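# What the coordinates show
Below, each chain spelled out in residue letters.
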Amino acid sequence: MKKIAVFASGVGTNLQAIIDAIESGDLDAKIELLVCDQEGAFCIKRALKANIPTFVFTAKHYESKAAYEQDILQQLQEFNIEYIVLAGYMRLIGHTLLHAYQGKMVNIHPSLLPAFPGKDAIGQAFTARVKRSGVTIHFVDEGMDTGPIIAQQEVDLDDNETLESFEEKIHAVEHKLYPAVLQRLFSEGKTSV
Ligand code: GRF
C-alpha cells in the first residue's frame, strides 16, 4: 500500500474522490497527510473528517519557496511519504520538492494538455468554443502543467453546453480518472512515461 500526501488549495473534490476510492477498496493507498496552503480551505475539513493529518502553511510567512518547501519536505519524510498527489494545489512546485520526489509526483489538470495550461482551464476552453477538451494526469516537472503525460480523457463541449454543465462533466471525469490512474501507477511503479 502506497503512502501518499495529497496537496490541495481549495474545495478538494478530487481529494474526496481519492478518499472514497481508498475506502471502497478501489485504490490501494493511504493518505498520510494533506498539505494545504490556504487556511480555512474546505479540503482541510474533508481531511479532518477522514482522520487525515494536515499540514497547513502560509507561504507569505516564509522567506522563499525553498523555505516553505523545506518544512513540507520534513513533514513528508516524517510520514514516509512515497508519492505526492497534487489535487488543485495552486502553486508551482520548486526545486526542493522536485528534487526529492522526481518521478513520484503527479498532477491533474482540467484540459487536454498542452492546450489550456494554468488557471481556469475549463473557462479558457469554454471561451475558445473548442469541440472537445478533457482531463490530463501528468508527472510534475518545473513548468506550469508541462510534465510527461500519463493519461488523458476527452470531454465533449456540446453546442448547447453552459459553463456550469461543462464544469460538471469535466469534474465527473476527474473524479473517476484520478483514482484509477493512481491505482495503475502505484501497482506498476512507473516513474516516467
Ligand atoms: C481540479 O479541476 C483540478 O483538475 C485542478 O484544480 C481543480 C481542483 O478542484 N488542478 P478540487 O479542489 O479537487 O475540487
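Preceding block: the structure.
Below, the structure is looked at part by part. Keep in mind that what you see is a predicted model, and the values were worked out from it rather than measured.

Turning to unusual backbone geometry, a few remarks are in order. Here the residue pair Leu113 and Pro114 is connected by a cis peptide bond, since its omega of 15 degrees sits within 30 degrees of zero. With respect to the helices and strands, Pro114 occurs in the loop between β5 (105-109) and α5 (121-127). In this model, Phe116 sits at a positive phi of 55 degrees, which is unusual for a non-glycine residue. Mapped onto the fold, Phe116 is located in the loop between β5 and α5. Residue Asp120 is not a glycine yet carries a positive backbone phi of 50 degrees. For Asp120, a relative accessible area of 54% puts it in the exposed group.

Summed over all chains, the structure comprises 7 aromatic pairs. Between the aromatic rings of Tyr62 and Tyr68, the centroid separation amounts to 6.0 Å while the plane-to-plane angle is 70 degrees, which identifies the pairing as edge-to-face. Tyr68 gets classed as buried once you look at its relative accessible area, which sits at 4%. Each member of the aromatic cluster is reached from another via a ring pair, and the members are Phe55, Phe57, Tyr62 and Tyr68. Lying across the ring of Tyr83, Lys104 places its NZ or CZ 5.3 Å from the centre. Here Arg129 stacks its cationic end above the ring of Phe126, 4.7 Å away from the centre of that ring.

Surrounding the ligand, one finds Val11, Gly12, Thr13, Asn14, Gly88, Ile108, His109, Pro110, His171 and Glu174. A distance of 2.2 Å separates an oxygen atom of the ligand from a polar side-chain atom of Glu174. Protein chains bury 85% of the 370 Å² of accessible surface belonging to the ligand in isolation. Looking at the shell around the ligand residue by residue, the classes come out as 3 nonpolar, 6 polar and 1 charged.

Let us now look at the packing of helix α1 (residues 13-23) against helix α6 (residues 163-188). Relative orientation and spacing of two packed helices are given, respectively, by the angle between their axes and the distance between those axes. Packing of α1 against α6 leaves a shortest axis separation of 9 Å and a crossing angle of 55 degrees. As the angle between them shows, α1 and α6 are arranged oblique. Considering the relative orientation of α1 and α6, their crossing is right-handed. Facing Thr13, Asn14, Ala17, Ile18 and Ala21 of α1, the residues of α6 in contact are Glu174, His175, Tyr178, Pro179 and Leu182. When the residues that make up the contact of α1 with α6 are grouped by side-chain class, the tally is 6 nonpolar, 3 polar and 1 charged.

Procedures and definitions
- Residues numbered from 1 in each chain as written.
- Predicted model: local features only at pLDDT ≥ 70, side-chain atom pairs only at ≥ 80, totals over all residues.
- Heavy atoms only, no water.
- Helix = DSSP H or I, 4+ residues; strand = E, 2+ residues; numbered from the N terminus.
- Buried < 20%, exposed > 50% of the residue type's maximum accessible area, 1.4 Å probe, protein only.
- Phe/Tyr/Trp six-rings, centres within 6.5 Å; stacked < 30°, edge-to-face > 60°.
- Lys NZ or Arg CZ within 6 Å of the ring centre and 35° of its normal.
- Near = heavy atom within 4 Å.
- Polar contact = N/O pair within 3.5 Å; in protein donor to acceptor, adjacent residues only side chain to side chain.
- Areas by Shrake-Rupley, 256 points an atom, 1.4 Å probe, with all protein chains shown as cover.
- Nonpolar A, V, L, I, M, F, W, Y, C, P; charged D, E, K, R; others polar.
- Axes fitted to C-alpha atoms, helices over the stretch in contact; angles between N-to-C directions.
- Parallel < 35°, antiparallel > 145°, perpendicular 65-115°, else oblique.
- Left-handed = near helix turned anticlockwise from the far one by under 90°.
- Contact = heavy atoms within 4.5 Å.

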